[in-house]
Amino acid sequence: MEAPTPRSEVRRLPELAVYDWEVVKAIIDEALFCHVGFIDDGSPVVIPTIHARIGTTLYFHGSPGSRMLRSMKAGVEVSVAVTILDGLVVARTPFEQTLNYRSVIAFGEARLVDDPDEKMAALRAVTDHVTPGRWDDSRPSTEKEVTATVVLALPLTEVSAKVRTGPPADDEADLELGFWAGVVPLSTAYGEPIPDQGVNWPAPGYLRDYSRPGRSPA
Ligand SMILES: Cc1cc2nc3c(=O)[nH]c(=O)nc-3n(C[C@H](O)[C@H](O)[C@H](O)COP(=O)(O)OP(=O)(O)OC[C@H]3O[C@@H](n4cnc5c(N)ncnc54)[C@H](O)[C@@H]3O)c2cc1C
């Protein structure tokens, strides 16, 4: 991760900026998916997609027909946003209403992964990113399935994080107005696994006790 560049330097509320790789990594690993923005045929497009990180590289996978993967394969610049919501920040005035969040924005040019070992490692990482342990607990992918999947890699060099925590930032003069203010904590809940037809045994432990890596909302 490089020092902030002109486009990755947080200017708006710079006190919320974090350029610490450990923080960036934790946000990326905890978020289930991200949004990838790019220009396709002259128009801006933003696509939600699953990601996975290996070291300082972010991987994406999908069908060779997907617009995102087709465009990225051609070497376009992309911007990736990873977002985790931690709370509704209810202020005394709509002006100060906001959210508590941890987010990462990365910029760069994605490359097509054609090395077979790197591709398999990325596919494993994407699977295990969603359900850790699942790659080894499922039928191995066939060559045809692997060929039918495009994998792209984005180096995590031009990256920033922005983290908001804590109560609303109301003006001193508004504190005694009598309106309720505070934070409604927000987190993603994972329910009890629902077996598919023909499955009459309990779900594996990694699904029964599902949790994402990372810290609890602050
Ligand atoms: C869930 C959520 C909701 C938000 N809601 C609002 C809203 O309603 N209104 C609003 O104005 N802003 C909101 N923000 C903040 C928003 O993401 C931007 O930070 C803000 O709008 C300023 O954008 P900018 O491009 O002008 O900032 P600048 O500071 O000029 O951005 C410069 C660079 O800083 C980095 N950066 C900026 N924002 C982020 C970020 N969120 N995470 C990581 N790096 C970042 C990027 O590299 C960017 O290119 C929200 C953020 C999150 C995560």
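Fair warning: this is a prediction, and the values are worked out from it, not measured in the lab.

Asks: Hey, could you run me through the overall build of the protein chain in this one?
Replies: The secondary structure content of the protein chain amounts to five helices and ten strands. Projected onto the principal axes, the alpha-carbon positions of the protein chain cover approximately 65 × 50 × 30 Å. The contacts of the protein chain with a sequence gap of at least 6 include a subset with a gap of at least 24, amounting to 73%.

Asks: Please clarify how helix α3 (residues 116–130) should be interpreted in this entry.
Replies: Residues separated by three or four positions in an α-helix point in the same direction, a consequence of the helix having 3.6 residues per turn. Here α3 spans 22 Å end to end across 15 residues, near enough to the 21 Å set by a 1.5 Å rise per residue. As for α3, its buried residues are in contact with β3 (43–54), β4 (57–62), α4 (143–147) and β8 (150–155).

Asks: Is there a simple way to explain the site of the ligand in this structure?
Replies: Around the ligand, the surrounding shell holds 16 residues, and the nearest of these are Arg 11, Arg 12, Ser 103, Ile 105 and Lys 162. If you list the elements that add at least two residues to the shell around the ligand, you get β5 (77–90), β6 (98–109) and β9 (158–164). If one sorts the elements of the shell around the ligand by residue count, β6 sits on top with five residues. For the shell around the ligand, a count of residues per class yields seven nonpolar, four polar and five charged.

Asks: Explain the nonpolar core here, please?
Replies: Proteins that are soluble and globular tend to have nonpolar side chains buried together. Counting residues in hydrophobic clusters, the biggest one holds 34 residues, and the most contacted among them are Ile 27, Tyr 59, Val 80, Val 104, Ala 106, Leu 152 and Leu 154. With five residues, the single largest contributor to this core is β8. Excluding residues that lie within four positions of it along the chain, Ala 106 makes contacts with Leu 58, Val 80, Leu 154, Leu 156, Glu 158 and Val 159.

Asks: Even after reading the chapter, I still don't get the pairing of β4, so can you show me in this structure?
Replies: Sheet topology note: the β3/β4 ladder contains four bridges and is antiparallel. Each bridged residue has a counterpart across the sheet, and for His 51 the counterpart in β4 is Phe 60. Examined bridge by bridge, β4 and β8 share six bridges and lie antiparallel to one another. Each residue of the ladder has a partner; that of Leu 58, found in β8, is Leu 154.

Asks: Just to check I follow, could you spell out the environment of Gly 65 for this structure?
Replies: Mapped onto the elements, Gly 65 comes out in the loop between β4 and α2 (67–73). Gly 65 sits 84 residues away from Thr 149 along the chain, and the two C-alpha atoms are 9.5 Å apart.

Asks: Explanation requested: the environment of Val 183 in the structure shown.
Replies: Counting through the fold element by element, Val 183 comes out in strand β10 (residues 182–185). What makes Val 183 partly exposed here is the crowd of 19 C-beta atoms within 10 Å. Along the primary structure Val 183 and Asp 170 are separated by 13 residues, whereas in three dimensions their C-alpha atoms are 13 Å apart. The residues touching Val 183, leaving out its near neighbours within four places in the chain, are Gly 87, Leu 88, Val 89, Asn 100 and Pro 167.

Asks: Any chance you could explain the pairing of β3 here in plain terms?
Replies: When a strand is regular, its side chains alternate between the sheet's two faces. Pairing between strand β2 (residues 33–40) and β3: eight bridges, direction antiparallel. Bridge pairing in β3 places Asp 40 opposite Ser 43. In sequence, β2 turns back onto β3 through a hairpin of two residues, with Asp 41 there showing a positive phi of about 55°. Connecting β3 to the next strand, β4, in antiparallel fashion are two residues, including Gly 55 with a positive phi near 60°.

Asks: Before we go on, may I ask you to explain the environment of Ala 148 in this structure?
Replies: Within the fold, Ala 148 resides in the loop between α4 and β8. Taking the C-alpha atoms as reference points, Ala 148 and Val 163, separated by 15 residues in sequence, lie 38 Å from one another.

Conventions used here
Residues numbered from 1 in each chain as written. Predicted model: local features only at pLDDT ≥ 70, side-chain atom pairs only at ≥ 80, totals over all residues. Helix = DSSP H or I, 4+ residues; strand = E, 2+ residues; numbered from the N terminus. Contact = placed C-beta atoms within 7 Å. Expected span 1.5 Å × (residues − 1). Near = placed C-beta within 6 Å. Nonpolar A, V, L, I, M, F, W, Y, C, P; charged D, E, K, R; others polar. Core = buried A, V, L, I, M, F, W, Y, C linked by C-beta atoms within 7 Å. Buried ≥ 20, exposed ≤ 12 C-beta atoms within 10 Å, placed from the backbone. Pairing = 2+ DSSP bridges.

Coordinates in, geometry out; function isn't part of it.
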